[in-house]
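The primary structure of each chain is shown beneath.
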Amino acid sequence: MMEQNEVLLEIRHLKKEYNSHTVFRDFSFQVHKGEVVVIIGPSGCGKSTLLRCINGLEPIQGGEILLDGKRVDPRDKSITQVRQKIGMVFQSYDLFPHKTVLENIALAPVIVQKRQKGEVQEEAVRLLERVGLADRKNDFPRQLSGGQKQRVAIVRALCMHPEILLLDEITAALDPEMVREVLDVVLKLAKTGCTMLIVTHEMAFARAIADRILFLDNGEPVEISSDPRQFFEQPQSRRAQLFLQTFTYG
Ligand code: ADP
């Protein structure tokens with residue numbers, strides 16, 4: 001279990017509504033530097049919404065979200081700056097089809113962060129090596145499997161040097177035999193001290209990677225556990241017990 005480092009992400013009294021539907025009423029949570037938090041909970045409980053709010057993709061109706069003390073709010077002028085510190089990987093990889101793997105990865109660091117193309121490409125190749133894809137750098141996305149594309153999407157996020165990585169069901173659209181290769185990459189990343197907030201339905205993975213589990217239901221933090229093994233074997237709340245009964249994991 002990791003020691004408690006400084007707080008990197010702070011969510012204070014978050015209120016998030018879509019029209020008249022309230023997803024979060026008064027939600028507070030903190031993520032420490034180097035920590036891996038896995039968010040689980042039934043469909044519709046607010047997992048994706050939470051990640052989208054943290055990434056400044058959603059206006060919020062109350063409270064505040066701070067990354068390293070800086071406000072994340074899509075209405076602020078500074079949002080582009082703050083968002084560069086946040087890496088997000090979605091279920092769909094969203095790679096540009098007409099650009100190579102290397103071009104896809106280098107695009108934002110060069111254009112948005114104004115870094116040297118040569119330096120970025122060197123880093124991209126090093127990162128591709130780490131995920132076992134160095135030999136695919138000149139391929140186009142259509143030449144890659146789903147699992148390979150998702151590994152490229154992870155590298156693309158890492159190449160921006162984010163302070164926190166948000167992963168939203170990144171294996172949900174993959175064929176079963178490709179899930180492992182993507183999860184292995186994320187497990188390796190966790191060992192390097194990368195701060196991550198992960199939404200997943202892969203319970204064995206959640207148990208293996210999490211420093212803490214945040215179990216959400218109806219936008220409420222029903223159970224927060226810093227002992228994932230205990231959470232999966234003996235959840236304390238009735239709602240988590242019922243939820244976990246619908247999964248088989250081993
Ligand atoms: P989860 O990721 O846990 O399945 P979501 O965060 O996607 O849940 O959704 C939380 C709630 O907010 C759900 O009731 C969903 O229907 C609603 N919701 C999500 N996105 C929107 C949107 N763009 N407009 C209106 N309602 C939304």
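What this report covers is the structure whose coordinates are included nearby. Quick caveat, the model's predicted, so the values are computed rather than measured. (Residues numbered from 1 in each chain as written. Predicted model: local features only at pLDDT ≥ 70, side-chain atom pairs only at ≥ 80, totals over all residues. Heavy atoms only, no water.)

1. What to know about the site of the ligand
Residues in close proximity to the ligand include Tyr 18, His 21, Val 23, Pro 42, Ser 43, Gly 44, Cys 45, Gly 46, Lys 47, Ser 48 and Thr 49, which together make up its full environment. For the ligand, a nitrogen atom lies 3.5 Å from a polar atom in the side chain of Tyr 18. Here Thr 49 contributes a side-chain N or O atom positioned 2.5 Å from an oxygen atom of the ligand. Computed on the free molecule, the ligand has an accessible area of 560 Å², of which 59% lies beneath the protein chains in the complex. A total of three residues in the shell around the ligand trace back to one element, the largest contributor, which is helix H1 (residues 47-54). Here the shell around the ligand is built from residues that sort into four nonpolar, six polar and one charged. (Near = heavy atom within 4 Å. Polar contact = N/O pair within 3.5 Å; in protein donor to acceptor, adjacent residues only side chain to side chain. Areas by Shrake-Rupley, 256 points an atom, 1.4 Å probe, with all protein chains shown as cover. Helix = DSSP H or I, 4+ residues; strand = E, 2+ residues; numbered from the N terminus. Nonpolar A, V, L, I, M, F, W, Y, C, P; charged D, E, K, R; others polar.)

2. Focus on the pattern of salt bridges
In total, this model carries 18 salt bridges according to the counting rule given. A salt bridge links Glu 181 to Arg 151; the nearest nitrogen and oxygen atoms lie 3.0 Å apart. One end of the pair, Glu 181, is in helix H6 (residues 176-191); the other, Arg 151, is in helix H5 (residues 146-158), with 30 residues separating them in the sequence. (Salt bridge = Lys/Arg side-chain N within 4 Å of Asp/Glu carboxyl O.)

3. Comments concerning the pairing of strand E9 (residues 212-217)
Counting buried residues in E9 gives six out of six residues, a clear majority hidden from the surface. Pairing between strand E3 (residues 36-40) and E9: four bridges, direction parallel. From the neighbouring strand, Ile 39 faces E9, where its bridge partner is Leu 214. The hairpin formed by E9 and strand E10 (residues 220-225) contains two residues between the paired strands, and Asn 218 there has a positive phi angle of roughly 50°. (Buried < 20%, exposed > 50% of the residue type's maximum accessible area, 1.4 Å probe, protein only. Pairing = 2+ DSSP bridges.)

4. Things to note about the sheet that holds strand E4 (residues 62-67)
Strand order in the open sheet formed by four strands is E2-E1-E4-E5, and the pairing between neighbours is antiparallel. Of all strands in the sheet, those with a lone pairing partner are strand E2 (21-32) and strand E5 (70-71), marking the two edges. Bridge count between strand E1 (residues 7-18) and E4: five bridges; the pairing is antiparallel. When the bridges of E4 are listed, Leu 9 appears paired with Leu 67. Each of E1, E2 and E4 is contacted by H1, which is oriented at about 120° to E1, the strand it contacts most. (Contact = heavy atoms within 4.5 Å. Axes fitted to C-alpha atoms, helices over the stretch in contact; angles between N-to-C directions.)

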